[in-house]
Amino acid sequence: MAFDPINDCPTNAPTNDAPTLNQLADRFRRFAQQECCDSSPLYDQLSRMVAQDNDLLAIAGCAQAGQPAANLFFAAVQFLLFQNPDDSLARHFPSLSTFATSRDDLSTDFRNFCFSRKDDLKDLLRTKLVQTNEVRRSACLLPVLQMIYEETNGQPLYLIDIGASAGLNLLFDRYHFDYGQDQTFGDSESPVQIYCQSRGRALPLSATFPQVASRVAIDLNPLDVHKQDDVLWLKALIWPEHDERRKLLDAAVLVAKHYPIRHVQGDGVALLPALLNEALPDTRLCIIHSFTINQMAPQAVQNFQNAMRQFSKRRSLYCVAISCKDGASSNLGLSCYQNGAESKNILAKCSDHGTWIEWL
Ligand SMILES: C[S@@+](CC[C@H](N)C(=O)[O-])C[C@H]1O[C@@H](n2cnc3c(N)ncnc32)[C@H](O)[C@@H]1O
């Protein structure tokens, strides 16, 4: 399978070759058409503009190989804008201005901003990664984690999140969930109130949260909720119009400051065997990954699956995955690895950001 470095979906394999300006222009155009059109009028307009501007494309070309260039470019711009909220570009960003509307001077303000901070922008593009930590995906993970917990007669879960970013989804049992249709779950007083519309069949929710023995968050670059810059980067990754997601992130960061989890820096595939070996006995091993494998090269995905198969010859384990299916929805899958073999089920479809789930 191949991967698209523009968005989170599989289409073109990540490559170490720097894209040409024409290729980058295509990526920005597709980003506008496929991702922004219904979701961010501002990025839609800006992406089309960048696609026609070789000077801006040359800056965007500084993104690390394999990274979604348009996502990263706009996150870097918004990050700098959060630090310079008095710049005239801020008037166009709903994340910074209550009265932001589409204006004729958007193009001028955008170009001026990007060129006056060209060096900072390039630095960010060379060093940062697309690490959007979408807390609402917890609403999709919860029913599956409960299923595993029940199937294993209440053995506490040993959770390892590969590509965890700040690890916010590992704290799912501190959140409150409303799935509509009178299905609510968790602490109604939690600062993190997640609404995820359940479509179709009722979700197989049980009475309590699963017990968790351990939470390990692995990332190439773990983000730390105690570091202002990391939190600002997480915010900058959220598109300007998505105010509700920013509020949810703020609330989850607040919770995470009180419930520290174990963070491990490095390549999740390479580190996995050692981390699995460390897992406590009498726990149920459960690997989670959401929107991570789309950032891995095909061989790395293969190695990841082989590592789980190999380990399961000694001890069985589960893997819960949210992965991009197409532009319209994602798959929520559960694999059980036992005696070196994998059995996999797609349990639900869900939206990329966990705004809805459809149990199959
Ligand atoms: C789009 S974010 C998703 C974050 C989180 N799983 C969520 O759903 O909110 C993908 C994360 O995977 C991480 N990542 C990508 N490849 C990785 C690898 N080989 N090992 C560890 N982390 C990786 C990135 O650094 C990034 O933080």
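Residues numbered from 1 in each chain as written. Predicted model: local features only at pLDDT ≥ 70, side-chain atom pairs only at ≥ 80, totals over all residues. Heavy atoms only, no water.

### With respect to the site of the ligand
As a structural note, the neighbourhood of the ligand is formed by 20 residues, with Glu134, Arg137, Gly163, Asp219 and Ser290 the closest of them. Here a nitrogen atom of the ligand and a backbone polar atom of Gly268 are 2.8 Å apart. When isolated, the ligand has an accessible area of 600 Å², and the protein chains bury 97% of it. The residue inventory of the shell around the ligand, partitioned by class, reads five nonpolar, eleven polar and four charged. (Near = heavy atom within 4 Å. Polar contact = N/O pair within 3.5 Å; in protein donor to acceptor, adjacent residues only side chain to side chain. Areas by Shrake-Rupley, 256 points an atom, 1.4 Å probe, with all protein chains shown as cover. Nonpolar A, V, L, I, M, F, W, Y, C, P; charged D, E, K, R; others polar.)

### A short note on the pattern of salt bridges
Tallying each qualifying case throughout the model produces 15 salt bridges. Asp109 serves as the salt-bridge partner of Arg91, at 2.6 Å between the closest nitrogen and oxygen. Taken together, the residues span a long stretch of sequence, with Arg91 in the loop between α4 (69-83) and α5 (106-116) and Asp109 in helix α5 at a distance of 18 residues. We classify Arg91 as partly exposed; its relative accessible area is 30%. With a relative accessible area of 9%, Asp109 lands in the buried category. Of the charged contacts in the structure, one is a salt bridge between Arg215 and Asp173, with a shortest N-O distance of 2.9 Å. One end of the pair, Arg215, is in strand β6 (residues 212-219); the other, Asp173, is in the loop between β1 (157-162) and β2 (176-178), with 42 residues separating them in the sequence. Neither Arg215 nor Asp173 differs from the other in exposure class; each is buried. Residues joined by salt bridges that share partners form a network here, namely Asp53, Asp55 and Arg111. (Salt bridge = Lys/Arg side-chain N within 4 Å of Asp/Glu carboxyl O. Helix = DSSP H or I, 4+ residues; strand = E, 2+ residues; numbered from the N terminus. Buried < 20%, exposed > 50% of the residue type's maximum accessible area, 1.4 Å probe, protein only.)

### Here we look at the packing of α4 against α5
One can describe the packing of α4 onto α5 by two numbers: an axis separation of 11 Å at closest approach and a directional angle of 85 degrees. The pairing of α4 with α5 is recorded here as roughly perpendicular in orientation. Residues Phe73, Phe74, Val77, Leu80 and Leu81 of α4 lie in contact with α5, whose contacting residues are Phe110, Phe113 and Cys114. Residue composition of the contact of α4 with α5, by class: eight nonpolar, no polar and no charged. (Axes fitted to C-alpha atoms, helices over the stretch in contact; angles between N-to-C directions. Parallel < 35°, antiparallel > 145°, perpendicular 65-115°, else oblique. Contact = heavy atoms within 4.5 Å.)

### Focus: the sheet that holds strand β4 (residues 193-195)
Across a sheet, paired strands are connected by hydrogen bonds in the backbone, their directions being either parallel or antiparallel. Ordered by their spatial adjacency, three strands build an open sheet running β3-β2-β4, and the pairing between neighbours is mixed. Every interior strand has two partners, whereas the edge strands, β3 (184-186) and β4, have only one. Put simply, the sheet's adjacent strands are angled 15 degrees from each other on average, direction ignored. Across three bridges, the pairing between β2 and β3 is antiparallel. Considered in β3, the bridge of Asp178 is made with Thr184. Across the sheet, helix α7 (residues 138-151) lies against β2, β3 and β4, angled at about 100 degrees from β2, the strand it touches most. (Pairing = 2+ DSSP bridges.)

### Description of the nonpolar core
Core analysis: the largest hydrophobic core is formed by 100 residues, its most contacted members being Phe28, Phe73, Phe110, Leu145, Tyr175, Phe177 and Ile357. In terms of residue count, α4 provides more of this core than any other element does, twelve residues in total. Dropping the residues within four chain positions of it, Phe177 is found in contact with Ser138, Ala139, Leu142, Phe172, Gln183, Thr184, Phe185, Ile194 and Phe209. Counting residues in each nonpolar core, the second largest holds 23 residues, with Tyr158, Leu285, Ile293 and Leu317 among its members. (Core = buried A, V, L, I, M, F, W, Y, C linked by side-chain atoms within 4.5 Å.)

### Let's talk about helix α6 (residues 118-127)
Those residues of α6 not exposed but buried are Leu121, Leu124 and Leu125. When α6 is viewed along its axis, its buried side chains cluster within an angular range of 100 degrees and face the same direction. α6 presents Asp119 and Thr127 as exposed residues on the side facing more than 90 degrees away from its buried surface. The elements touched by buried residues of α6 are α3 (54-60), α4 and α5. (Arc of directions from axis to C-beta.)

### Examining the sheet that holds β6
Spatially, β5-β12-β11-β10-β9-β8-β1-β6-β7 is the arrangement adopted by the nine strands of the open sheet, whose pairing is mixed. Every other strand in the sheet has two partners, leaving β5 (197-200) and β7 (262-265) as the edge strands with one partner each. Between one strand axis and the next, the sheet turns by 25 degrees as a mean value, whatever way the strands run. Here β1 pairs with strand β8 (residues 284-290) via five bridges, running parallel. Each residue of the ladder has a partner; that of Asp161, found in β8, is Ile288. Where α7 meets the sheet, its contacts fall on β1, β8, β9 (317-324), β10 (330-338), β11 (341-350) and β12 (356-359), and the angle it forms with β9 comes to roughly 165 degrees. The strands touched by helix α10 (residues 268-278) are β1, β6, β7, β8 and β9; relative to β1, the strand with the most contacts, the crossing angle is about 170 degrees.

### Let's talk about the packing of aromatic side chains
For the coordinates displayed, the defined rule picks out 14 aromatic pairs. Ring pairs connect the aromatic residues Phe28, Phe31, Tyr43, Phe73, Phe74, Phe110 and Trp239, which therefore count as one cluster. If you follow Arg199 out to its NZ or CZ, it ends over the ring of Trp356, 4.2 Å from the centre. (Phe/Tyr/Trp six-rings, centres within 6.5 Å; stacked < 30°, edge-to-face > 60°. Lys NZ or Arg CZ within 6 Å of the ring centre and 35° of its normal.)

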